[in-house]
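What follows is each chain in one-letter form.
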Amino acid sequence: MTRPRIVVIGAGFAGLRTLRRLEQRIPKGAAELVLVAPNDYMLYSPLLPQVASGLLTPQSVAVSLHRRLRRTRMVPGSAIGVDTESRVVVVRKISEEISYERYDRLVLAPGSLTRVFDIPGLTEHAFGNKNLAEAVVLRDHVLAQLELANASKDPVEREERCRFIVVGGGYTGVETAASLHRLTEEAARYYPALRSSIRWHLVDIAPRVLPELGTNLGDEALHLLRNLGIEVKLEISVREVTENKVALTDGRVLPCRTLIWTAGTSPSPLMSSLDAPTERGKLITGSDLAVPELPGVFALGDAAAVPDLTKDDEGAFCPPTAQYAQRQGCVAADNVIASLLDQPMRPFLHEDLGLVVDLSGRDAVARPFGYDLSGLPAFAVTRAYHLLSLQSTPARARVLANWLIRALTGGEVARLGFAHGKPSTFVDVETERYLDAEAARKESAKFLEAPSGR
């Protein structure tokens, strides 16, 4: 009897936890485990704003997969299609070569991408903050704007370079605005003539910031942002972006060379390419994380619509947060094993433990176990939560060391030299790279018809 092959797509919170659980529960040699992911690390994305501000080094939030996974074969690339009839995953490797992975059980956890809209100039001129490359480039770009403004005698250019606009009032947008505002405050010590010219704006189409935290904490966060000097405007969005101006839907046209786009995420296009129902691009699963229409396929994380059994609303789905993704990973692994052994599978059930938001410095808001916190207690809870959530001891040590170094010695504002080669910010949304169900079947047929594919 051949060993079953379990293929996991994605190495985020959900994918890594699934594989860790599989390695722990499956005896050595009893199954073949395969991971398809473009990077050899799990990105702890909640701390990306602190990477963008220079508080943390990029390595601090990159959890090495080689340290965490001992018996998993890694395929460096992205799944671009799945032939669910022949049970073959089509993979585009980082070398642009096409390869194929057969599976007996498939776990889909490809995560999400930056959500963009058809706004003129957005993809050409905006910056994102969803991966390590974007965070590092963003930091260099912000510091470069202050250097160039300080070197210029043109008042118009100085105004353009000293204004920064963040779009998105969710966690990423609020934390990015607060963290980078602190970075420019530190840099302004070296450019005293610019201090009064630096302007930070946060805009969002929603009527509130951080609506998930409720009215009280949302208002507290808004108050803290405005106390920092960040101008927050709600129920407006961006109409057009050029190299040196941003037009808003309230009629204002602001001189600006830095627009940071953090207005939400969208599920991986891989999920919509399968012959199965979706909910706003998310693959719909049962409460056991299995996809009813696709035998042997499980889905979880940001790109899956998983029923939330703790809510009275039958149409409620689990939120796309790290705490849910990690716990879904454990259930998915257990159910994969149960399905291979013809045993009953268990439903996913999780009560929300709360949310934390780090507003840089010692400002934070948090809601652990339903209790609203702000100030120093929220700061302590937020930092403790991140340390506990990091999935490796070396990562925890690096993050803690970075925090202590900043507290004892202050921050550094030196650029690292990445700003001149800004990558395409929203390149990951190229849906034409993905195959629909029919195209995936045709592509996998090439593999199955070859002698090596049988």
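Before reading further, recall that the structure is shown in the block above.
Because the structure is predicted, anything quoted here is derived from the model rather than measured.

Caption draft 1: Molecular detail of the sheet that holds strand β8 (residues 105–108). What the seven strands build is an open sheet, ordered β7-β6-β5-β2-β1-β8-β21; its pairing is mixed. Every other strand in the sheet has two partners, leaving β7 (98–102) and β21 (297–299) as the edge strands with one partner each. Across the sheet, the axes of successive neighbouring strands diverge by a mean angle of 35°, strand direction being ignored. Of the strands in this sheet, β1 (5–9), β8 and β21 touch helix α9 (residues 322–340), which is tilted by about 165° from β8.

Caption draft 2: View of the side chain of D204. Looking at the element boundaries, D204 is found in strand β12 (residues 199–204). One buried charged residue, D204, forms no salt bridge at all, with the nearest opposite charge on R115 at 6.9 Å.

Caption draft 3: Inspection of the nonpolar core at higher detail. If you look at the biggest cluster of nonpolar residues, it comprises 113 residues, and the most contacted ones within it are I9, L22, V89, L106, L108 and L202. Broken down by element, the residue count for this core peaks at nine residues, all from helix α5 (residues 132–151). In this structure, A126, V238, L248 and C256 belong to the second largest nonpolar core, which totals 16 residues.

Caption draft 4: Structural view of the side chain of N129. Tracing the backbone through its elements, the reader meets N129 in the loop between β10 (126–127) and α5. A distance of 3.0 Å separates the side chain of N129 from the side chain of T176, its partner in a polar contact. Setting aside chain neighbours within four positions, we find N129 in contact with L48, P49, A52, E134, A135, L138, T172, T176 and W261.

Caption draft 5: Structural context of the packing of aromatic side chains. Under the definition given, this model contains five aromatic pairs. Taking the centre distance of 4.7 Å and the plane angle of 20° together, the rings of F164 and W200 count as stacked. A residue pair is termed long-range when its members are at least 10 positions apart, and F164 in strand β11 (residues 163–167) and W200 in strand β12 qualify at 36 residues. For the pair F164 and W200, one class covers both residues: buried.

Caption draft 6: Layout of the packing of α5 against helix α6 (residues 155–162). Running from N to C, α5 and α6 point in directions that differ by 165°, and their axes come no closer than 9 Å. Viewed along their axes, α5 and α6 adopt a mutual orientation that is roughly antiparallel. Considering how the two elements wind past one another, α5 and α6 form a crossing that is left-handed. Contact residues: Q145, L146, L148, A149 and N150 in α5; E157, R158, R161 and C162 in α6.

Caption draft 7: Spotlight on empty space enclosed by the protein. Within the structure shown, the criterion is met by three cavities of 30 Å³ or more. The space that makes up the largest cavity amounts to roughly 100 Å³. Lining the largest cavity are 16 residues, and of these Q50, L55, S179, D358 and S360 lie nearest its centre. Residue assignment for the lining of the largest cavity shows that the elements contributing at least two residues are α2 (48–52), α7 (171–187) and α10 (375–389).

Caption draft 8: Layout of α5. Compared with an ideal rise of 1.5 Å per residue, which puts 20 residues at 28 Å, α5 spans 29 Å between its outermost C-alpha atoms and is within 8% of the ideal. Among the 20 residues that make up α5, 15 are buried, leaving the element largely enclosed by the rest of the structure. Between a side-chain oxygen at the N-terminus of α5 and the backbone nitrogen of A133 the separation is 3.2 Å; the capping residue is N131.

Caption draft 9: Focus on the pairing of strand β5 (residues 72–83). Note that strand β2 (residues 32–37) and β5 share five bridges and pair parallel. Across the sheet, residue L33 finds its bridge partner in β5, namely T72. Pairing geometry for β5 and strand β6 (residues 88–93), over six bridges, is antiparallel. In the strand pairing of β6, D83 is matched with V88. Between β5 and β6, which pair antiparallel one after the other, the connecting turn spans four residues, and R87 there sits at a positive phi close to 60°.

Caption draft 10: Summary view of the environment of A407. Summarising the element assignment, A407 is placed in helix α11 (residues 393–409). In sequence terms A407 and T262 are 145 residues apart; their C-alpha atoms lie 28 Å from each other.

Caption draft 11: A look at the packing of α10 against α11. Contact geometry for α10 and α11: axes closest at 9 Å, N-to-C directions at 150°. The angle between α10 and α11 places the two elements in the roughly antiparallel class. Note that α10 runs across α11; the crossing there is right-handed. Each of R383, H386, L387 and L388 in α10 lies in contact with α11, whose residues at this interface are R396, V399, L400 and W403. Classifying every residue of the contact of α10 with α11 gives five nonpolar, one polar and two charged.

Caption draft 12: Inspection of a nonpolar patch on the surface at higher detail. Together, L353, F369 and Y371 line one region of the surface with nonpolar side chains, adding up to about 370 Å² of accessible area. Structurally, the position occupied by Y371 is in the loop between β24 (364–368) and β25 (373–374).

Caption draft 13: Focus on helix α8 (residues 214–228). Helix length check: α8 (15 residues) gives 21 Å between terminal C-alpha atoms against 21 Å at 1.5 Å per residue, within 8%. Of the residues making up α8, those classed as buried are L217, G218, A221, L222, L224 and L225. Down the axis of α8, the buried set is contained in an arc of 160°. They therefore lie on one face. Exposed and facing more than 90 degrees away from the buried side of α8 are N216 and N227. Lining the buried residues of α8 we find α7, β12, β13 (230–234), β24 and β25. One or two steps after α8, the chain reaches G229, where phi turns positive at roughly 105°.

Thresholds applied
- Residues numbered from 1 in each chain as written.
- Predicted model: local features only at pLDDT ≥ 70, side-chain atom pairs only at ≥ 80, totals over all residues.
- Heavy atoms only, no water.
- Pairing = 2+ DSSP bridges.
- Helix = DSSP H or I, 4+ residues; strand = E, 2+ residues; numbered from the N terminus.
- Axes fitted to C-alpha atoms, helices over the stretch in contact; angles between N-to-C directions.
- Contact = heavy atoms within 4.5 Å.
- Buried < 20%, exposed > 50% of the residue type's maximum accessible area, 1.4 Å probe, protein only.
- Lys, Arg positive; Asp, Glu negative; His and termini not counted.
- Salt bridge = Lys/Arg side-chain N within 4 Å of Asp/Glu carboxyl O.
- Core = buried A, V, L, I, M, F, W, Y, C linked by side-chain atoms within 4.5 Å.
- Polar contact = N/O pair within 3.5 Å; in protein donor to acceptor, adjacent residues only side chain to side chain.
- Phe/Tyr/Trp six-rings, centres within 6.5 Å; stacked < 30°, edge-to-face > 60°.
- Parallel < 35°, antiparallel > 145°, perpendicular 65-115°, else oblique.
- Left-handed = near helix turned anticlockwise from the far one by under 90°.
- 1 Å grid on protein atoms, 1.4 Å probe; cavity = no way out; pocket = protein on both sides within 12 Å on 5 of 7 lines; lining within 4 Å.
- Points joined across faces, edges and corners; volume = space filled by probe spheres on them.
- Expected span 1.5 Å × (residues − 1).
- Nonpolar A, V, L, I, M, F, W, Y, C, P; charged D, E, K, R; others polar.
- Patch = residues over 30% accessible without salt bridge, like charges linked within 9 Å, V, L, I, M, F, W, Y side chains within 5 Å.
- Areas by Shrake-Rupley, 256 points an atom, 1.4 Å probe, with all protein chains shown as cover.
- Arc of directions from axis to C-beta.

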